[in-house]
Amino acid sequence: MPGEKTVKKISMVEKVGYASGDFACNLIYATVSTYLLFFYTDVFGLSAATAGTMFLVVRIIDALADPFIGTIVDRTNSRFGRFRPYLLFGAFPFVILAILCFTTPDFSDMGKLIYAYITYVGLSLTYTAINVPYGALTSAMTRNNQEVVSITSVRMLFANLGGLVVAFFVPLLAAYLSDTSGSESLGWQLTMAIMGFIGGCLLIFCFKSTKERVTLQKSEEKIKLWDIFEQFRVNRPLVVLSIFFIIIFGVNSISNSVGIYYVTYNLGREDLVKWYGLLGSLPALVILPFIPKLHQLLGKKKLLNYALLLNIIGLLALLFVPSSNVFLILFFRLIAAAGSLTAGGYMWALIPETIEYGEYRTGKRMGGLIYAIIGFFFKFGMALGGVVPGLVLDKFGYVANQAQTPEALTGILITATIIPAILLVLAMIDINFYNLDEKKYKNMVRELENRDKVYLDHIDDFKA
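Everything numeric here is computed off the predicted structure, so don't read it as measured data.

Asks: Honestly, the environment of Asn 432 in this entry has me stumped. Any pointers?
Replies: Tracing the backbone through its elements, the reader meets Asn 432 in the loop between helix H17 (418–431) and helix H18 (438–463). Judged by relative accessible area, which is 40%, Asn 432 ranks as partly exposed. When the C-alpha atoms of Asn 432 and Asn 305 are compared, they prove to be 8.5 Å apart, with 127 residues separating the residues in sequence. Dropping the residues within four chain positions of it, Asn 432 is found in contact with Lys 301 and Asn 305. A polar atom in the side chain of Asn 432 sits 3.3 Å from the side chain of Asn 305. A distance of 2.5 Å separates a polar atom in the side chain of Asn 432 from the backbone oxygen of Met 428.

Asks: Honestly, the nonpolar core in this entry has me stumped. Any pointers?
Replies: Here is a general trend for soluble globular proteins: nonpolar side chains tend to be buried in one another's company. Of all hydrophobic cores here, the largest spans 142 residues; its most connected members are Tyr 40, Tyr 120, Phe 245, Trp 348 and Ile 351. Examining the composition of this core, we find that 17 residues originate from one element, helix H1 (residues 12–44), more than from any other. Beyond its immediate chain neighbours, meaning those up to four positions away, Trp 348 contacts Thr 152, Arg 155, Met 156, Phe 245, Phe 249, Tyr 371 and Phe 378.

Asks: Please explain the packing of aromatic side chains as it appears in this structure.
Replies: Any two aromatic rings considered together are summarised by their centre-to-centre distance and by the angle between their planes. Taken as a whole and assessed by the stated rule, the structure comprises 25 aromatic pairs. Ring geometry for Tyr 18 versus Tyr 134: centroids 4.4 Å apart, planes at 10°, classification stacked. Note that Tyr 18 is positioned in helix H1 and Tyr 134 in helix H4 (residues 109–141), a separation of 116 residues in sequence. An angle of 50° between the planes, with centres 6.0 Å apart, marks the rings of Phe 39 and Phe 44 as tilted. With relative accessibility at 1%, the residue Phe 44 sits in the buried group. Of the aromatic side chains, those joined through ring pairs into one cluster are Tyr 35, Phe 39, Tyr 40, Phe 44, Phe 55, Phe 102, Tyr 120 and Trp 188. One Lys or Arg, Arg 155, reaches over the ring of Trp 348 and ends 4.5 Å from the middle of that ring.

Asks: Any chance you could explain the side chain of Asp 62 here in plain terms?
Replies: Within the secondary structure, Asp 62 is located in helix H2 (residues 48–74). Side chain to side chain, Asp 62 and Thr 128 meet in a polar contact 2.7 Å long.

Asks: When you look at the pattern of salt bridges in this model, what are you seeing that I'm missing?
Replies: Oppositely charged side chains can form a pair if their charged atoms are brought close together. For the structure on display, the rule yields 7 salt bridges. Among the salt bridges present, the one from Asp 22 reaches Arg 155, with a minimum N-O distance of 2.8 Å. With Asp 22 in helix H1 and Arg 155 in helix H5 (residues 145–181), the pair connects residues that are 133 residues apart, well separated along the chain. Both residues of the pair, Asp 22 and Arg 155, count as buried.

What counts and what doesn't
Residues numbered from 1 in each chain as written. Predicted model: local features only at pLDDT ≥ 70, side-chain atom pairs only at ≥ 80, totals over all residues. Heavy atoms only, no water. Helix = DSSP H or I, 4+ residues; strand = E, 2+ residues; numbered from the N terminus. Buried < 20%, exposed > 50% of the residue type's maximum accessible area, 1.4 Å probe, protein only. Contact = heavy atoms within 4.5 Å. Polar contact = N/O pair within 3.5 Å; in protein donor to acceptor, adjacent residues only side chain to side chain. Core = buried A, V, L, I, M, F, W, Y, C linked by side-chain atoms within 4.5 Å. Phe/Tyr/Trp six-rings, centres within 6.5 Å; stacked < 30°, edge-to-face > 60°. Lys NZ or Arg CZ within 6 Å of the ring centre and 35° of its normal. Salt bridge = Lys/Arg side-chain N within 4 Å of Asp/Glu carboxyl O.

No statement about biological role is implied by the geometric values presented.
Shown next, in the form of C-alpha cells:
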C-alpha cells in the first residue's frame, strides 16, 4: 500500500521545478498544436483535408497507445523513482522529433506525406511517454488536496507562460528566421530547434527538482492493462472528468488551430496573429495564482461552470462584432481566454482526486494508468483541433495563400465561434455529474491514511 512521508507543504522551489516541465512541454507541443496544421497546408504543401485527416489518424494511434504506456509507467521501479526517469530519458528524442516535424524534405508528394505521418506519430508517442508520468508525478508528490491545487496552479501558470511564448514569439521568430535565411521552411525548422533546445533543458531541470513521496510497496505493484475497465466501472469521477477533458481540449485545440486563419483571412490582419495568440494566454498570469482561493470560495462545480460560461460569452460575441473593429475582437478574445484558462487550469487539479478515489474503491494506486486514461480521451479532443478545422475549411472552399471567398470566411467564423460554444455547453452538462465534493474527499483520504498505517504497522510487527 502507499506510504507517504509527513509533508504538509511543498516548497515553492519544488513547485516551480515541477511547473517547468509543463513550460517545456508547451514550448514544443503548443507550437505543434497551434502551428503544425498551418505549416502543413501553407509551407509543407499538404491540402487542408489531407492534413486534417492525418491529425485524426495520428491522434487515434497516440490515444490507443496511452493505456499501454500508463501500464508500463505504473510498473516502473528505478533509483530515480517511478515517474521522474521518463523526464530524463525522454527529453532528447522529444526535441529531435519536434525539429523533424517542422522539416520539409525534398521528397515526392507521397514521400512527404509518409514522412509527415512517421515524424508526427513519433513525436506524439514520445510526448505521451513524457506527459503521462509527468502528470502522475503530482499525485506522488503529496496527498494534501490544497497542496495539489497549489502545485497545479503553479504548473498551469508556467504552462500558459509557455503558451504565451509560443503564441507571441514563435510567429515573430519564424518570420525573422525565414527572412534572414531566405527560406520559410528553414525558418520554421530553426524556430522549432530553438524551442526544442530550451524545452529539453527544462525537462531535465524538472527531473532534478522534484521528489516522489507517495510510493507503492513492491508487492502491490501488479498493475494490469485490464484494470482500466475496473476503473471505469467504479470510478465515476474519472468517467466525468475524462469526458470533460475531451471537450475542453477539443475546444482549445479548435480555437488554437483556426485562430491563425481567422486573424489572417477574416480580419485581414496577419500582423495581429502574435497578439491574438498572446491574448489567449495572457489572462493566465492574473487568474491562475488565484485558483486556490477560488477553489476554496466557490468549490469545484461553480468554479468550472462560471469559467465555461465566460468562455461561451467571449466566443459568441465574435459573431456580432464587425471584422473592422479590432479592439472589440481582441477584447472578447481576452474574455473567452479568461474562462478557458480558468477551466483548463483547474481541471488538472481534479485528476489526483480520481487517483485517490480509484485506490479507495479498488485498493490499487494507479497514477500512471489513470493519467493515461485521461490522455487517451483528451487526445481525441486535441484531434478535433486538426480534423474539424481541416474538414470544415475544405467543405467551405478554403484555398491556401489567397483571398478567401465569403463562403470560406463563413466556415472559418463558424469553426472559431459556434462549434466551440456548442461543445462548451456539453462540458457544463457533464461536469455537474461530478460527485466528489470536499467532505467526501477528506473522508476518503482519511480512510486511505488509516489503511496505510495498518499496513505499515503490520509490516513492522512481521519484521519484529
